[in-house]
Amino acid sequence: MDVRFEARETRFNYRSAGILIEEGHVLFHKQKGDAYWALPGGGIEIGEKSEDTIIREMKEELGYEVEVIQSLWVAENFFTYHQNDFHELGFYYLLHTNESHLQSGPFYGLEGERLIYQWLPIEALEDYHLQPSFLSKRLQDLPDQIEHVIVEMHE
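Residues numbered from 1 in each chain as written. Predicted model: local features only at pLDDT ≥ 70, side-chain atom pairs only at ≥ 80, totals over all residues. Heavy atoms only, no water.

Participant: Residues and numbers for the overall build of the protein chain, please.
Facilitator: Assigned secondary structure in the protein chain consists of 2 helices and 10 strands. Listing the helices and strands of the protein chain from first to last along the sequence gives β-β-β-β-β-α-β-β-β-β-α-β. For the protein chain, whose C-alpha radius of gyration is 15 Å, the value lies close to the compact-globule estimate of 15 Å for 155 residues. Every one of the 155 residues in the protein chain was classed for burial, and the buried ones make up 48%. Restricting to contacts in the protein chain with at least 6 residues of sequence separation, those with at least 24 account for 65%. By element, 47% of the accessible surface of the protein chain is carried by carbon and sulfur atoms, the whole surface being about 8700 Å². Side-chain charges of the protein chain comprise 12 positive and 29 negative groups, with the mean position of each set lying 5 Å from the other. (Helix = DSSP H or I, 4+ residues; strand = E, 2+ residues; numbered from the N terminus. Rg over C-alpha atoms; globule rule 2.2 N^0.38 Å. Buried < 20%, exposed > 50% of the residue type's maximum accessible area, 1.4 Å probe, protein only. Contact = heavy atoms within 4.5 Å. Areas by Shrake-Rupley, 256 points an atom, 1.4 Å probe, with all protein chains shown as cover. Lys, Arg positive; Asp, Glu negative; His and termini not counted. Charge placed at Lys NZ, Arg CZ, Asp CG, Glu CD.)

Participant: Tell me what's going on with the nonpolar core, and back it up with residues and numbers.
Facilitator: The biggest cluster of nonpolar side chains holds 21 residues, and the ones touching the most others in it are I19, F28 and W73. Residue assignment for this core shows that the elements contributing at least two residues are strand 2 (10-19), strand 4 (25-31), strand 6 (67-81), strand 7 (84-96), strand 9 (112-121) and strand 10 (147-152). The biggest single contributor to this core is strand 6, with 3 residues. Residues M58, V66, Y93 and L95 belong to the second largest nonpolar core, which totals 17 residues. (Core = buried A, V, L, I, M, F, W, Y, C linked by side-chain atoms within 4.5 Å.)

Participant: Let's hear about the sheet that holds strand 4: which residues, and what values?
Facilitator: Ordered in space as 3-4-9-8, the 4 strands form an open sheet in which the pairing is antiparallel. Across the chains shown, the open sheet's two edge strands, defined by having one partner strand only, are strand 3 (21-22) and strand 8 (107-109). Relative to strand 4, strand 3 is paired through 2 bridges, and the arrangement is antiparallel. By the bridge assignment, E22 is partnered in strand 4 with H25. (Pairing = 2+ DSSP bridges.)

Structure, rendered in structure tokens:
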């Protein structure tokens, strides 16, 4: 059971996300019908370590075997999505895989057509609508140690 709940008309989301980089491209996804791209990942389950979540999610959604290399960011994201206010606590991990998964154009994962995946070029990330917004610049210069980021953005 994912750690998600509603309090005072705001939805709380506890999430883990992964940064997978291959040949100058980063893997992103978006929900069908959405205008923005996000890093793959998902809700952290009760009693689950956030590192274990991203390993599980990459396997479930794409069939990728990954390992966590480094924690990059802990982000507090405050945003509005479909007229609902969200408070999200996200853990962002640099990942590694022993296989190349890079491909051109959009593609679907193992869970069907709900999520559209695409490898976006790092040097052109500012040309895409990414959420959270700090990703377009910070993915071009990864930190040496974990950073705490606070993002306040609304539709």
